[in-house]
Amino acid sequence: MDNIKKLGFDNWFEDKIDSGKLSEQTIARIIAVNKNSFIVSNGVKDIYAELTGKFLFNSDSAMDFPTVGDWVYVQLFDDDSLAIIHEIFPRRSLLKRKTPGKKIEYQLIAANIDTAIIMQSLDFNFNIRRLERYLVMINESNILPVIFLSKSDLISTDEIESKKTDIYRIVPDIKIVAFSNNKLADIEDIKTLFTPFKTFCLLGSSGVGKTTLLNNLIHQDLYKTQAIREKDGRGKHTTTRRELIVLENGAIVVDNPGMRELGVISIESGLDDTFNEITELSEQCRYKDCTHTIESGCAVLKGIEDGIISNERYQNYKKMYKESLYNEMSYVEKRQKDKKFGKFIHSYMKNKKDKQ
């Protein structure tokens, strides 16, 4: 048990152990996912892992599959060189988003995260509206958010403080760290923020310096970096799979591919926490079912008029709310179709078996 504690297995997870499973299985953590294959760690070694056929058959959606950070019950074979994943532990937290493009499905980012670090660079990438999207996703998962602002050597101190002030207007109590990957003192200061045996997740667009920061934290160039395009500040995707890394001090970091599209599904609590001033004002609306668009007696519209809420922030809230409702309805409809199809296949296979 001491070995997996080094990977973040604390009392919360210990209370969830099904001791009956431990006679034939052991506990491990998913440290890498690459399509349908996994790497797990038992705190002693990293082991290639696959899912059981039963696991695959009983999984209806992406939510049922393991992701980086998950704790799982595994059975070890071939001198502990192969692990078969039988079951996922209860999740303390789960970061997820809508899959990119038109497909309405969840894409899992990472599980059992304690702190999510939103990383933006202080150049073309800095965007308050995108920052709000990340905050909604993190707050929905009940994870502590922190903001890292990279490339601080590219702008003046006054400009940095101005951008920090813009962030504090929407999230007054959040931790913000401005730094440069080119300054050793900045990296040393950042290292102190990573608590031993806690799990952190790096989130942000391509080109903001996540991979460079990770290389600086582990003192090795294990991960490739690529130049960004000068015309728009966008970088190519460097990280292609989600991966869990343990730092020298015992802190655990999940690296993620850069996200250019951050779609949302079912984010009511995340919206409420992120846009709390809008939520609080909405309780003063004349009508309980107020849409905050055209109604007389709408406290939210009055708040915009009085300057309590910026119009840009309100428009982003409204956009995400509508997007979430549409995606949630589409997702529920899709799941109902999938279940009907599953029942049809089950019935077909049963009838076929009875006739044999």
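Everything here concerns the structure above.
Here the structure is a predicted model, which means the values were calculated and not measured.

(A) Spatial organisation of the packing of aromatic side chains. Going through the model one piece at a time under the given rule, you end up with 12 aromatic pairs. Site record: aromatic cluster; members linked through ring pairs are Phe9, Trp12, Phe13, Trp71, Tyr73 and Phe89. Across the ring face of Trp12, the terminal group of Lys16 is positioned such that the distance to the ring centre comes to 3.8 Å. The side chain of Lys21 reaches across the aromatic face of Tyr73, ending 5.5 Å from its centre.

(B) Quick look at the side chain of Gln25. With respect to the helices, strands and loops of the structure, Gln25 is situated in the loop between α2 (11-14) and β1 (26-34). Sequence-distant contacts of Gln25, defined by excluding residues within four places in its chain, comprise Tyr73, Val74 and His86.

(C) Representation of the pairing of strand β3 (residues 46-51) within the structure. Burial of β3 is one-sided: the residues Ile47, Ala49 and Leu51 facing one way are buried, the residues Asp46, Tyr48 and Glu50 facing the other way are not. Note that strand β2 (residues 37-41) and β3 share 4 bridges and pair antiparallel. Looking at the pairing, Ser41 lines up with Asp46 of β3. Strand direction decides the pairing type here: β3 and strand β5 (residues 82-88), joined by 4 bridges, are parallel. Bridge pairing links Tyr48 to Leu82 in β5.

(D) Broad picture of helix α6 (residues 184-191). Along α6, the residues that are buried comprise Asp186, Ile187 and Ile190. For α6, the angular spread of buried residues about the axis comes to 100°, placing them on one side. Exposed side of α6, more than 90 degrees from the buried face: Leu184, Ala185 and Asp189 are the residues found there. Those residues of α6 that are buried lie in contact with β9 (144-150), β10 (175-178) and α7 (210-218).

(E) Main features of α7. For α7, the tally of buried residues reaches 7 of 9 residues, placing the bulk of the element in the interior. Buried within α7 we find Lys210, Thr211, Leu213, Leu214, Asn215, Leu217 and Ile218. Residues of α7 that are buried in the fold lie against β8 (115-121), β9, α6, β11 (199-203), β12 (242-246) and β13 (252-255). Positive phi shows up at His219, right after α7, with a value of about 60°.

(F) Spatial organisation of the packing of α6 against α7. Remark: α6 packs on α7, axes separated minimally by 10 Å, with the N-to-C direction vectors making an angle of 80°. The angle between α6 and α7 falls in the class roughly perpendicular. Packed against α6, whose contacting residues are Ile187, Ile190 and Lys191, the element α7 presents Leu213, Asn216 and Leu217 at the interface. Its residues assigned to classes, the contact of α6 with α7 shows 4 nonpolar, 1 polar and 1 charged.

(G) Structural context of the pattern of salt bridges. Tallied over the full model, the rule gives 13 salt bridges. The salt bridge involving Arg91 is made with Asp70; its shortest N-O contact spans 2.8 Å. Placement of Arg91 in the loop between β5 and β6 (94-98) and of Asp70 in the loop between α3 (53-58) and β4 (71-77) is noted, with a sequence separation of 21 residues between them. Relative accessible area serves as the criterion here: at 23%, Arg91 is assigned to the partly exposed category.

About the criteria used
Residues numbered from 1 in each chain as written. Predicted model: local features only at pLDDT ≥ 70, side-chain atom pairs only at ≥ 80, totals over all residues. Heavy atoms only, no water. Phe/Tyr/Trp six-rings, centres within 6.5 Å; stacked < 30°, edge-to-face > 60°. Lys NZ or Arg CZ within 6 Å of the ring centre and 35° of its normal. Helix = DSSP H or I, 4+ residues; strand = E, 2+ residues; numbered from the N terminus. Contact = heavy atoms within 4.5 Å. Buried < 20%, exposed > 50% of the residue type's maximum accessible area, 1.4 Å probe, protein only. Pairing = 2+ DSSP bridges. Arc of directions from axis to C-beta. Axes fitted to C-alpha atoms, helices over the stretch in contact; angles between N-to-C directions. Parallel < 35°, antiparallel > 145°, perpendicular 65-115°, else oblique. Nonpolar A, V, L, I, M, F, W, Y, C, P; charged D, E, K, R; others polar. Salt bridge = Lys/Arg side-chain N within 4 Å of Asp/Glu carboxyl O.

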